[in-house]
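# A closer look at the structure
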Amino acid sequence: MKSLAALLTTALALGSAQAASTITVATVNNPDMVTMQKLTPEFNKLYPDINVKWVVLPENELRQKITLDVASGAGSFDVATVGAYEVPIWAKNGWLDPLTPAFAKNPDIAKSYNVSDLIPGVRNALTVGGQLYAVPFYAESSMTFYNKDLFKKAGVTMPVNPTWTQIESFAAKINDPKNGTYGICLRGLPGWGENMAVFSTVMNTFGGRWFDNNWQPQLNSAAWKNAMTFYVNVIKKYGPPGATSNGFTENLTLMSQGKCGMWVDATVAAGLLSDPASSKIVNTVGFANAPTGPGTTRGNHWYWSWNLAIPKSSKQEDAAFKFITWATSKDYIALVAKTKGSWASVPPGTRTSTYTNAQYRKAAGAFSSLVQKSISSADVTKATKDPVPYTGIQYVAIPEFQALGTQVGQYLAGAISGQTTVDQALAQAQAAAQKVAKDGGYQK
Amino acid sequence: MTTLPQSGTQVPANNTPKKPPVNVLGGLLTALTYLLTFLFFFPILWMVMAAFKTEAQAFQTPPVFVFTPILDNFRVAFERYFPALLNSLGAAFGSTILAFILGLPAAFALAFYTTPRSRSVLTWMLSTKFMPAVGVIVPLYLLFTNLHLLDTLPGLILMYTTMNLPLVVWMMHSYMTEIPYAIFEAARVDGASVWREFFGMALPLSLPGISATALLAVIFAWNEAFFALNLTTSDAAPLSVFIGSFKTGEGLFWAQMSAAAVLTVFPVIVFGWIAQRQLVRGLSFGAVK
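Residues numbered from 1 in each chain as written. Chains lettered and ligands numbered in written order. Predicted model: local features only at pLDDT ≥ 70, side-chain atom pairs only at ≥ 80, totals over all residues. Heavy atoms only, no water.

## Let's talk about the domain arrangement of chain A
All names here are of chain A. Stated precisely, the cut-off is as follows: Reported domain spans reflect what an automatic or database domain assignment gives. By definition in these notes, contact holds between two residues if any of their heavy atoms fall within 4.5 Å. What counts as buried area is the accessible surface, traced by a 1.4 Å probe, that two parts surrender upon association, with contributions from both included. Each reported salt bridge corresponds to a side-chain nitrogen of Lys or Arg within 4 Å of a carboxyl oxygen of Asp or Glu. Polarity classes work like this: nonpolar for Ala, Val, Leu, Ile, Met, Phe, Trp, Tyr, Cys and Pro, charged for Asp, Glu, Lys and Arg, and polar for all others, with Gly in that last group.
We note that the domain assignment places domain 1 (2–133 + 304–363) and domain 2 (142–302 + 378–439) within chain A. Computed from C-alpha coordinates alone, the two centres of domain 1 and domain 2 are separated by 31 Å. Listed per partner, the contact involves 7 residues of domain 1 and 12 residues of domain 2. Interface area for domain 1 against domain 2, summed over the two sides, is near 860 Å², with a carbon-plus-sulfur share of 65%. For domain 1, the biggest contributors to the area lost against domain 2 are Tyr85, Ile89 and Trp304; these three give 60% of the whole. Linking domain 1 with domain 2 are 0 salt bridges, by the criterion used here. Along the lines of polarity and charge, the residues of the side of domain 1 that touches domain 2 split into 6 nonpolar, no polar and 1 charged.

Structure follows, in structure tokens:
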């Protein structure tokens, strides 16, 4: 066995001429990450002595695997793709290498990388206790997409800053199920990152919050009741049938086939809806800010980013640092534009310089400034009308939220499909949140 | 399967003795069989069709049945296919061979050299299957980490061997007990050694059972996803991990994933087709017990 391993190692070493170190990068199969994989040879032009191996897994499996690997110190990964929700949690657990010392150690990289070019809100979300723990690969917020044709037909116009009340009245006018078009498509698929992402922004802007400053759950408040009643009704009355199985992907398909009047979802969809290869509404898609509710203008659009971080268990920190600063650099963004032949397909939302770039503004003109404003104004520390003890807009940055959010998402889906009433769903949700606050030791 | 039409035809024949409705009923049953077979086959057909569609067609409602097939999905899937295929072949055949090397002598001993504890040994072996895989993953993961077996083909082979060993022992034990014991007694009278009993008689006589069991063991190892996902990352990742890598939260992926799945099931269908005759013989051998 040993000789076989030695033989294999020799073969590998021969295969990649002068590879002094090998790093393993764990990531998901999202389009921007596929591009990153394809550009590995460009990284090797700069750093010929670093061999890059890729591990591509579905999001949930990736999260579990990295958690298991880091917690057990196995050290299988040198670079991990980590969501905005996990970065502060993992940093507090001591699972990620802080990057601030690495920047101090590599002044050349620090200078060309220019951390202050990162959009401030993005940087804040990745900073814990004054230390940067991850660098952003791309970031997103949420916004409103609408079909100009259907709006014209119904004789309505979309303002730049719509309210949810306006959205409901537009949906009523556009809705035409007999002809296969629906007023509005919203996520109903249960999951903390599915229906709860959109619903939480509605709940925030209706004036609600998950917990008060003493970690008392607020899911039985009037704001939650109004928000959920609104969300359930608007989907039931003006949404496509079977909405509880629709997540991002499903709604993207419906919207791009011209079947939805409106859709409130991730800003990354702007690029996808403008792409003739996958969308039939390239010329008729309109963009607006995420709607605001009757409670507050805060927290109506979310913040999410996919980031690259170095797990504490990595034994190749230097090589990993070189990789993550390459893949999130200004030069990398320009490289993607050059290889893809379009600035509209660069990883968005991370750097101020992307949005001051004239070529990007031209290519992504219809939505670039909206997207930038949404991302830079999404503040994970000020997402609710009343004060809260947590950070996060469409999530609560505590480890238990993944389970709690999904559970409440199931109660929400139950109310949408008519299995329970909104009151029943909220009573169940309140009990679940109470249990988390108590068992997690948050309530003093 | 074969007993079903017979018993079905007898009951109405007794109730209505005038007319022979046998043919009508037989025809109905045949139609039902075709329908059931089609129902079982449909997901596979649908997967193959999706593999030749564009992403938008693969997801469209109402579903598309007529379309111009494209090969783009296979082109994407082939980019990452071969390393995973080699790992799957290595893990499936390596673990099957290893499980047979260990399991055949065990089955032989448990069948012909029984002790009062033989039954308990068999039950104990089966009991390793009682626990859900997820219940043992953390200790396994730590073991693999410390033995430096994470993401190695030998590690995966070992894992699948432990998974297939109870299957091999149980199935081969049941085939071997079918062999008349008198044959062995006669051989012993002629002075045959244990080795000769094993290699000269038990093995050749249970060949159909061996091929059926081997095919099952290969299929189980081939289709395994949970351990593969947790214990391999890139170097030793087999096809089940390869399929998973096509899922994405942004954009459509069903057509590409279907192409990957078609490429994954194809070799198993080929093995099954080659081993078909042996398989039927082997399986019915045990069934008439």
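## Side note on the side chain of B:Thr232
Defined as follows: Secondary structure counts use DSSP, requiring at least four H or I residues in a row for a helix and at least two E residues in a row for a strand, with both numbered from the N terminus. Classification of residues uses two cut-offs on accessible area relative to the type maximum, computed with a 1.4 Å probe and protein chains only: under 20% is buried, over 50% is exposed, and between them is partly exposed. Two N or O atoms count as a polar contact when they lie within 3.5 Å, although within protein this holds only if one can serve as hydrogen donor and the other as acceptor, and sequence-adjacent residues are included solely when both atoms are side-chain atoms.
With respect to the secondary-structure elements, B:Thr232 resides in the loop between helix H12 (226–231) and helix H13 (239–244). Exposure remark for B:Thr232: the relative accessible area of 2% places this residue in the buried category. At 2.6 Å, the side chain of B:Thr232 and the backbone oxygen of B:Ala228 are in polar contact. Once you skip the residues sitting within four places of it in the chain, B:Thr232 turns out to touch A:Lys65, B:Asp151, B:Leu156, B:Phe227, B:Ala237, B:Pro238 and B:Val241.

## Structural notes on the sheet that holds strand S11 (residues 304–309) of chain A
Residues and elements named next belong to chain A. What counts, and what does not: Think of it this way: DSSP has to see at least two bridges between two strands before they count as a pair. Each axis is a line fitted through C-alpha atoms, and for a helix only the stretch in contact is used; angles between axes span 0 to 180 degrees, taken between their N-to-C directions.
What the 5 strands build is an open sheet, ordered S2-S1-S3-S11-S6; its pairing is mixed. Strands at the two margins of the open sheet, each flanked by one partner only, are strand S2 (50–56) and strand S6 (135–140). Across the sheet, the axes of successive neighbouring strands diverge by a mean angle of 20°, strand direction being ignored. With 7 bridges joining them, strand S1 (residues 21–27) and S2 adopt parallel strand pairing. Bridge pairing in S2 links Thr24 to Lys53.

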